[in-house]
Amino acid sequence: MQRIRLIYSKGDELKFTGNLDMMKVWERTFRRAGLRIVYSQGFHPQPKIHQALPLPLGFTSEHDMLDFWLDSEENLAQIQSKLEKALQPGITVQEYQIVPPEIKPLQTLVLSAMYLIQIDPANDPPDLASRIEALLDQSECLRERRGKPYDLRPLIESLEINCEDPTKMSMTLAARPSATGRPEEVLDELEISLQDVEIKRTRIILSE
Amino acid sequence: MNSNQQIKKKLNSILPFVQKPGRYVGGEYNRVKKDWDSVRSHVALVFPDIYDLGLPNLGVMILYEEINKRPDALCERAYLPWLDMEKAMRENEIPLYSLESKTPLSQFDLIGFTLPYETLYTNVLNALDLAGIPLHASERVENHPIIIAGGHAAYNPEPMASFIDAFVIGEGEEVIHEIIDLLQRAKEHGTTRAETLQSLQALPGLYVPSLYNPSYHPDGTFESLTPLTKEFPTSVSKRFCGTLPPPPTRFLVPSIDVVHNRIAMEIMRGCTRGCRFCHAGMVNRPVREQPVATIISAIEEALANTGYEEIALLSLSSSDYTQIGSLVDEITRRFKDRNLTISLPSLRIESFSVELMEKLKGVRQGGFTLAPEAASDRMRNRINKPIQAEQLLATAREIYLRGWNTLKLYFMIGQPGETMEDVQAIADLSKAVIVEGRKTIGKRANLHVGVSTFVPKPHTPFQWASLDPLAVVLEKQNLLKDQLRGPGLKMTWSNPRETILEAALSRGDRNLSKVIETAWRNGAKFDAWQDQFNFNIWMDAFEAHHLSPDFYASRPRSMEEAFPWDHIHTGVARKFLQREYLRSLEGTLTDDCRDGCHACGILTEFSDLRRANPSELWLCPEVN
Ligand code: SF4
């Protein structure tokens, strides 16, 4: 049994495929690739596939990750050649890694995530820079999500406008299991409508 | 003008705000994307309901694969947007587009609608309207796509005659190529639309309604259908494949959950049982089987092509597949260690079925479904579906005993000649089954009773029969609702008003085109959805044209009455249907025609095809 990590991008075709559906997409991808995934025991065997961090509906990603457990000894080149032709449209795998099976579950290794926001040039607020500055200057930013109050500010690790293209903004948000910042929340705080943006996750940062 | 790029851009801004946006983007595994300019023919297939229901449709799947095999044609797909998306599309002026290339439907050469049932008709109008294509065939001009429609409801094409350029009667695998070839020649020669339609009529299996005029008696009943000129045939015989083509194996694998996420493997077409109410059983004759080896290798290929974890072995009557035992054995042997769910619906009520299902039972298991349809011997003889009550009880016991906790039984009320005693028999039998279940496995035993209402269908022995009046249906349903409750028992039933609409449309004539249009203009769509169906809109639409649904649904018909669908030949002759209707009134059973041909008409109408396909896989006797 080996544990394999995939680093992949999730493009436009899969923008509206939620996390649960993505699990099915991956399960079927591995099945048609002819890769024998390990299944859990029991009444409803589940494939052992772990995603690093759920991607909200409507986002694309350049850098997502998952670990899967393989019930065979194929090497990475063999795995790659089988998997490449079976990928769902929208997925491109950038990297294949063998990881030690005993390390902690992938989702617990995630520290933070980076996002790139493309703002519709027609609705780009002229005072965006000062809005960002004001937000970063605050020592706390109390908000409520699904009825639960929380402080958004400490979850923002970085937030800036692209110096070459002011309609682009990047942010790094904490993404630990107990403390996950959401780009929609930051945008809302900046009074930017979700209708005017495209959001891409550009990186997931792991501990180690 | 909306280019593909503009559509994509607009979609980007509206999709995040509609329900389940994954319905509107395509991107399935196995979808085929060809360069638009690299092919001569552009075909769009439309399933006129939402993606979730339409994507798994086997008919669409078959034709999609069939057309895309051609290097000179591309085939893309479209489904109906749900209400919120329709609103957003109209507000943003997004026309109905194909999922693969986001091309407006109006730019295709050919649009094919599949019409499995009548309650999709208003959705067809909505699709045409959203595509910016004139609703009426008569209003379309040279550069509009040719609109064709096929599927089970097309066996009575008349109600939709105003909107469809040409109907395809029967199986589409062969004729679709002939249509595409013909349209390519027409394009090459600059043939006019009118001439093209005339040459389409010359293709066997095609019916171009605008080339025919119906006439009616003073009482409104149908008199006859006259071709505009003598060169057009007076009848249209359905098309079917003398030998089944190999099953499709490149099933679309969507990126969101749809109603069936599985490989649909057709093991047999047609049915010899001769249940008198059954439309599918009559129009899909003759029986043709797929060889075991073909099925096994197609499953193997489809698994590799899709990665699906579920397979459904489809036919109208699985137990009748000649090699069912060895098919199931072979499937179990080959696929048992692959975490697959394999379903085998439409099984006969006998313990052998339980054995079959037990072999297929993988790690995951669903319920067990049986369809006795009637519960009294009298009704069973009338509908020609004989089953002994003892045998049903024994089978049910077996099912519970072997590990299924839930049994589903389907019954149909309202069949011709049914009395309240016959309905009571359904309640009694169901109660006996649940008692049996509780005796066998105690409180875990569940019984779902699905009660549908009989709708008289064209081309069946019951095409002369009347739909039960609303009050009677309600009375019968109430009797069952009162009695079929209690621990472990659950009953579902169909909306009787929807049944009236279905019955009126299925035996309708061309006048109903106006009714369908008015209903659609007044907001009718998604009529097959309980929560969307609006009976009043339909009643008003009938009234607006001085027509009544009762005239079509429940008026008694004489044996001599001419029907608007008589010119469509399924191969099962009207004479045979009539004989069967009379036998039903007498309560006489007719045996399965595998045990002896009853000369239903198939071998007369299609003797040449039979001669050309002498195979044993076609289950009728050979002809000389
Ligand atoms: S021709 Fe004979 S055997 Fe064939 S379907 Fe008709 S009745 Fe059955």
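Each chain carries its own residue numbering, running from 1 in the direction its sequence is written. The lettering of chains begins at A and the numbering of ligands begins at 1, in the order of writing. In view of the model being predicted, local features appear only for residues whose pLDDT reaches at least 70, and side-chain atom pairs are presented and counted only at 80 or more, with totals across whole chains, interfaces and linings using the full set of residues. The side-chain quantities take in all heavy atoms of the structure and omit both hydrogens and water.

Chemist: I would appreciate a short explanation of the domain arrangement of chain A in the present structure.
Modeler: Note on interface size: it is often stated as the accessible area lost on association of the parts. All names here are of chain A. Examined at the domain level, chain A breaks down into domain 1 (2-103) and domain 2 (110-206). Segmentation into domains, and thus their bounds, comes from an automatic or database assignment. One C-alpha centre belongs to domain 1, the other to domain 2; they are set 28 Å apart. Counting residues at the interface gives 13 residues for domain 1, matched by 13 residues for domain 2. For any pair of parts, buried area is found by adding up, for both, the accessible area (1.4 Å probe) each one loses once the two are put together. Note on domain 1 versus domain 2: buried area summed over both sides is about 1,200 Å², and carbon and sulfur give 59% of it. Of all residues in domain 1, Leu 53, Phe 59 and His 63 give up the largest surface area on contact with domain 2, accounting jointly for 47% of the area buried on that side. Salt bridge, as used here: a side-chain nitrogen of Lys or Arg that lies within 4 Å of a carboxyl oxygen of Asp or Glu. Taken together, domain 1 and domain 2 are joined by 2 salt bridges. Here Lys 200 and Glu 62 are joined by a salt bridge, their closest N and O atoms 3.1 Å apart. Side-chain atoms alone can form a polar contact between residues adjacent in sequence; in general such a contact is a pair of N or O atoms within 3.5 Å, and within protein one must be able to donate a hydrogen while the other accepts it. For the pair domain 1 and domain 2, the number of links is 8 residue pairs in polar contact (both at pLDDT 80 or more). A per-class count over the side of domain 1 that touches domain 2 returns 6 nonpolar, 4 polar and 3 charged. The criterion used for residue contact is that any of the two residues' heavy atoms lie within 4.5 Å. Ten residues, namely Ala, Val, Leu, Ile, Met, Phe, Trp, Tyr, Cys and Pro, are considered nonpolar, four, namely Asp, Glu, Lys and Arg, are considered charged, and the remaining ones, Gly among them, are considered polar.

Chemist: What is the right way to read the sheet that holds strand E1 (residues 41-47) of chain B from this model?
Modeler: Strand pairs in the sheet, formed through backbone hydrogen bonds, run parallel or antiparallel to each other. Residue and element names in this part refer to chain B. Between any two strands, at least two bridges found by DSSP are needed for them to pair. The secondary structure listing takes helices from DSSP runs of H or I that are at least 4 residues long and strands from runs of E that are at least 2 residues long, numbered from the N terminus. Judged by pairing direction, the sheet is mixed, and its 6 strands sit side by side in the order E2-E1-E3-E4-E5-E6 without closing on themselves. Only two strands of the sheet have a single partner each, and these edge strands are strand E2 (73-79) and strand E6 (206-207). Bridge count for strand E4 (residues 146-150) against strand E5 (residues 166-168) is 2 bridges, and the pairing is parallel. For Ile 148, the partnering residue across the bridge sits in E5 and is Ala 166.

Chemist: Please clarify how the interface of chain B and chain A should be interpreted in this entry.
Modeler: The interface is formed by 31 residues belonging to chain B together with 25 residues belonging to chain A. For the interface between chain B and chain A, the tally reads 3 salt bridges. One can count 9 residue pairs in polar contact (both at pLDDT 80 or more) joining chain B with chain A. Elements supplying a minimum of two residues to the side of chain B that touches chain A: helix H1 (4-14) and helix H9 (292-306) of chain B. The residue inventory of the side of chain B that touches chain A, partitioned by class, reads 14 nonpolar, 11 polar and 6 charged.

Chemist: For this particular structure, what's the right way to read the packing of aromatic side chains?
Modeler: The relation between two aromatic rings is expressed through the spacing of the ring centres and the mutual angle of the planes. Residue and element names in this part refer to chain B. In this analysis, rings of Phe, Tyr and Trp, with Trp reduced to its six-membered ring, are considered paired at centre separations within 6.5 Å, and the interplanar angle assigns stacked below 30 degrees, edge-to-face beyond 60, and tilted for intermediate values. Taken as a whole, this structure holds 23 aromatic pairs over all chains when the rule is applied. Geometrically, the ring pair formed by Tyr 51 and Tyr 79 is edge-to-face, given 5.2 Å between the ring centres and 85° between the ring planes. With Tyr 51 in helix H2 (residues 51-54) and Tyr 79 in strand E2, this pair connects stretches of sequence that are 28 residues apart. When sorted by exposure, Tyr 51 lands in the same class as Tyr 79, which is buried. An aromatic cluster is built from Phe 454, Phe 462, Trp 464, Phe 563, Trp 565 and Tyr 581, whose rings are joined through pairwise contacts. Over the aromatic face of Phe 535 sits the side chain of Arg 497, whose NZ or CZ is 6.0 Å from the ring centroid. In our convention, an over-ring charge means Lys NZ or Arg CZ found within 6 Å of a ring centre and within 35 degrees of that ring's normal. When the ring centre of Phe 551 is taken as reference, the NZ or CZ atom of Arg 555 above it lies at 4.2 Å. When a residue's accessible area, from a 1.4 Å probe over protein chains only, is under 20% of the maximum for its type it is buried; when over 50% it is exposed; and in between it is partly exposed.

Chemist: Can you walk me through the packing of helix H16 (residues 496-506) of chain B against helix H18 (residues 535-544) of chain B in this structure?
Modeler: Each packed pair of helices is defined by two parameters, the angle between the axes and the distance between the axes. Residues and elements named next belong to chain B. Fitting a line to C-alpha atoms yields each axis, with helices limited to the stretch in contact; the angle taken between N-to-C directions then spans 0 to 180 degrees. Interaxial distance between H16 and H18 falls to 10 Å at its minimum, and their mutual angle equals 35°. Of the two possible hands of crossing, H16 and H18 adopt the one that is left-handed. On the side of H16, the interface is formed by Arg 497, Ile 500, Leu 501, Ala 504 and Leu 505, while H18 contributes Phe 535, Trp 538 and Phe 542. Helix crossings fall into two classes, left-handed where the near helix is turned counterclockwise from the far one by less than a right angle and right-handed where it is turned clockwise.

Chemist: Honestly, the pairing of strand E7 (residues 212-216) of chain B in this entry has me stumped. Any pointers?
Modeler: All names here are of chain B. In the sheet, E7 pairs with strand E8 (residues 222-227) via 5 bridges, with the strands oriented antiparallel. When the sheet's bridge partners are listed, Pro 214 is paired in E8 with Leu 225. The antiparallel hairpin formed by E7 and E8 contains 5 residues in its connecting segment, where Gly 220 sits at a positive phi of about 95°.

Chemist: Before we go on, may I ask you to explain empty space enclosed by the protein in this structure?
Modeler: Residues and elements named next belong to chain B. Think of a 1 Å grid over just the protein atoms. A cavity is a set of points where a 1.4 Å probe fits yet cannot get out, a pocket is an open set with protein on both sides within 12 Å along at least five of seven lines, and lining residues have an atom within 4 Å of a point. Grid points are joined across faces, edges and corners, and a volume is the space filled by probe spheres set on the points. Here the structure, examined in full by the defined rule, presents 7 cavities of 30 Å³ or more. Forming the walls of the largest cavity are 17 residues, and the residues nearest its centre are Arg 285, Cys 593, Cys 597, Cys 600 and Cys 620. For the lining of the largest cavity, the class distribution of residues is 12 nonpolar, 3 polar and 2 charged. As a volume, the second largest cavity reaches approximately 90 Å³. Taken together, Arg 23, Tyr 24, Tyr 51, Ala 78, Tyr 79, Leu 80, Pro 81, Met 89, Leu 96, Tyr 97 and Leu 99 form the lining of the second largest cavity. Broken down by class, the residue content of the lining of the second largest cavity amounts to 10 nonpolar, no polar and 1 charged.

Chemist: How do you make sense of the sheet that holds strand E10 (residues 263-266) of chain B when you look at a structure like this?
Modeler: Residue and element names in this part refer to chain B. As summarised here, the arrangement of the 3 strands in space is E10-E13-E14, forming an open sheet in which the pairing is parallel. Lying at the two open borders of the sheet, with one neighbouring strand each, are E10 and strand E14 (341-343). With strand direction ignored, the average angle separating the axes of adjacent strands in the sheet is 20°. Two strands pair when backbone bridges link them, and strand E13 (residues 310-314) and E14 are joined in this way by 3 bridges, in the parallel orientation. Each bridged residue has a counterpart across the sheet, and for Ile 311 the counterpart in E14 is Ile 342. This element, H9, spans E10 and E13 of the sheet and lies at about 165° to E10.

Chemist: For this particular structure, what's the right way to read the side chain of B:Arg276?
Modeler: Residues and elements named next belong to chain B. Mapped onto the secondary structure, Arg 276 falls in the loop between strand E11 (268-269) and helix H8 (279-283). For Arg 276, a relative accessible area of 0% puts it in the buried group. At 2.9 Å, the side chain of Arg 276 forms a polar contact with the backbone oxygen of Asn 381.

Chemist: Which parts of the structure should I look at to understand the site of the ligand?
Modeler: All names here are of chain B. Near the ligand you find Arg 285, Cys 593, Cys 597, His 598, Ala 599, Cys 600, Ile 602, Leu 603, Cys 620 and Pro 621, and these make up its full shell. In this description, a molecule resides in a pocket or cavity if more than half of its atoms sit within 2 Å of the grid points defining it. A molecule is said to occupy a pocket when more than half its atoms come within 2 Å of that pocket's grid points, and by this definition the ligand occupies the largest cavity. Looking at the shell around the ligand residue by residue, the class counts come to 8 nonpolar, 1 polar and 1 charged. Near is defined per residue: the residue qualifies when any heavy atom it owns lies within 4 Å of the molecule or strand.

Chemist: It is not clear to me how the nonpolar core should be interpreted in this structure. Could you clarify?
Modeler: A general feature of soluble globular proteins is that nonpolar side chains tend to end up buried together. Ranked by internal contacts, the top residues of the largest apolar core, which has 178 residues, are B:Ile179, B:Leu200, B:Leu407, B:Leu480 and B:Trp538. No other element matches helix H14 (residues 420-441) of chain B, which puts 8 residues into this core. With near-sequence residues (within four places) excluded, B:Trp538 lies in contact with B:Thr122, B:Leu501, B:Leu505, B:Val515, B:Ile516, B:Ala519, B:Ala524, B:Asp527 and B:Phe533. Among the nonpolar cores identified, the runner-up in size contains 32 residues, and A:Ile132, A:Met169, A:Ala175 and A:Val197 belong to it. Definition used in this section: a nonpolar core is a set of buried Ala, Val, Leu, Ile, Met, Phe, Trp, Tyr and Cys residues joined via side-chain atoms within 4.5 Å.

Chemist: Help me understand the layout of surface pockets in this model?
Modeler: Taking a probe equal in size to a water molecule and rolling it over the atoms shows the remaining empty space. Space inside the second largest pocket adds up to approximately 850 Å³. Residue lining of the second largest pocket: 34 residues in total, with A:Leu194, A:Val197, A:Glu198, B:Asn12 and B:Pro16 positioned closest to the centre. For the lining of the second largest pocket, the elements supplying multiple residues, two or more each, are strand E5 (110-119) and strand E11 (197-206) of chain A together with H1 of chain B. Looking at the lining of the second largest pocket, the element that brings in the most residues is E11(A), giving 4 residues. Each residue belonging to the lining of the second largest pocket can be placed in one class, and the counts come to 15 nonpolar, 6 polar and 13 charged. Two domains each put at least three residues into the lining of the second largest pocket: domain 1 (2-103) and domain 2 (110-206) of chain A.

Chemist: Any chance you could explain the side chain of B:Ser317 here in plain terms?
Modeler: Residue and element names in this part refer to chain B. Checked against the element boundaries, Ser 317 lands in the loop between E13 and helix H10 (324-335). A polar side-chain atom of Ser 317 sits 2.5 Å from a polar atom in the side chain of Asp 320. In this structure, Ser 317 is in contact with Met 268, Cys 271, Arg 273 and Ser 346, ignoring residues within four places of it in sequence.

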